[in-house]
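Now for the letters of each chain:
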Amino acid sequence: LNVMMGAARKAARSLVRDYGEIENLQVSRKGPSDFVSSADLKVEKTLRQELKKARPAYGFLMEEGGEIAGDDKSNRWIVDPIDGTTNFLHGIPNFCISIALEREGELIAGVVYQPLGDEMFHAEKGAGAFLNERRLRVSARRKLEDSVLATGIPFHGRDGHEPFLRELGVMMKNVAGIRRFGSAALDLAYVAAGRCDGYWEAGIKPWDIAAGIVLVREAGGYVTDYEGGNKLLETGEIVAGNDHLHQPLLRLIKSAHA
Ligand code: IPD
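Residues numbered from 1 in each chain as written. Predicted model: local features only at pLDDT ≥ 70, side-chain atom pairs only at ≥ 80, totals over all residues.

Regarding the domain arrangement of the protein chain
The domains assigned to the protein chain are domain 1 (2–135) and domain 2 (144–256). When each unit is reduced to the centre of its C-alpha atoms, the spacing between domain 1 and domain 2 is 21 Å. At the junction of the two partners, domain 1 supplies 34 residues and domain 2 supplies 23 residues. Counting only elements with at least two residues in the side of domain 1 that touches domain 2, the list comes to strand S3 (58–62), strand S5 (72–83), helix H3 (85–90), strand S6 (96–103), strand S7 (106–114), strand S8 (119–124) and strand S9 (128–131). Considering each element in turn, the side of domain 1 that touches domain 2 owes the most residues, six residues, to S7. (Domains from an automatic or database assignment. Contact = placed C-beta atoms within 7 Å. Helix = DSSP H or I, 4+ residues; strand = E, 2+ residues; numbered from the N terminus.)

Take a look at the structure:
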């Protein structure tokens, strides 16, 4: 965790500088509504250098650089240099750096760093989840009708608008409020911190959610795919919530597709 947090803090320096000068960044399109900027690439480079310096043999899965095999096949960093790139490029201050460590196929540590608010969310399997020094616990809310959920809205160029609209319709009838913050990693960190009672999204990539999954589990919450299983990184479907709400949320999603 110290290595991960140190790397995140170091990489955040250029990120914050670039945020102050967004108009000077070089931006290109990876796909419709999917952008990459020189800021993403700079952050990814620093993270890669720092993590590699500390653990030279570990592999990587990175949003921009893809899969980079290491000599040590058991350990892999899963990295999103900027989760919330669209927010970042529009000057919306909700974005973060997300780093997870996967060991033997299991997510064992996660760091989600929101540099503008200096919020360092971190968790290690079996050791709890923290925001800076403070221990985190998912919310205790029991009723769907009192709960606030975060989600992601599929954007132009990404499949699956119809299924999402069905899910949204069902959720709107059953919960107190729905938020779209624009960073899946922070959505999960908010569930871990009890700020949101749940989160769901489909079509999501491993680097968007890997660190946040560890945060929610270590804060006492549940995270599964839409079937209630653990194939989150493979399916790109995710449902997170506290112990009272996770199963009801899964049932609502099922009912949306029945
Ligand atoms: C995106 C954000 C967003 C989610 C999208 C992701 P990116 O990640 O996490 O909240 O709804 O599905 O692609 O592209 O900013 O790293």
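With respect to the sheet that holds S6
Taken together, eight strands build an open sheet; the order of strands is S4-S3-S5-S6-S7-S8-S9-S10 and the sheet is mixed. Edge strands, defined here as strands with exactly one partner in the open sheet, are strand S4 (66–68) and strand S10 (134–135). The pairing of S6 with S7 spans seven bridges and is classified as antiparallel. Along S7, the bridge assignment pairs Glu102 with Leu107. Each of S5, S6, S7 and S8 touches helix H1 (residues 2–19); the most contacted strand, S6, lies at about 155 degrees to it. Against the sheet, helix H5 (residues 184–192) engages S5, S6, S7, S8 and S9, with an angle of about 100 degrees to S7. (Pairing = 2+ DSSP bridges. Axes fitted to C-alpha atoms, helices over the stretch in contact; angles between N-to-C directions.)

Some remarks on H1
Over its 18 residues, H1 runs 25 Å from end to end, which matches the ideal 26 Å to within 8%, given 1.5 Å per residue. Largest kink in H1: about 30 degrees, centred on Ala12. Listed in full, the buried residues belonging to H1 are Met4, Ala7, Ala8, Ala11, Ala12 and Leu15. (Expected span 1.5 Å × (residues − 1). Bend = angle between axes of the 7 residues up to and from the residue. Buried ≥ 20, exposed ≤ 12 C-beta atoms within 10 Å, placed from the backbone.)

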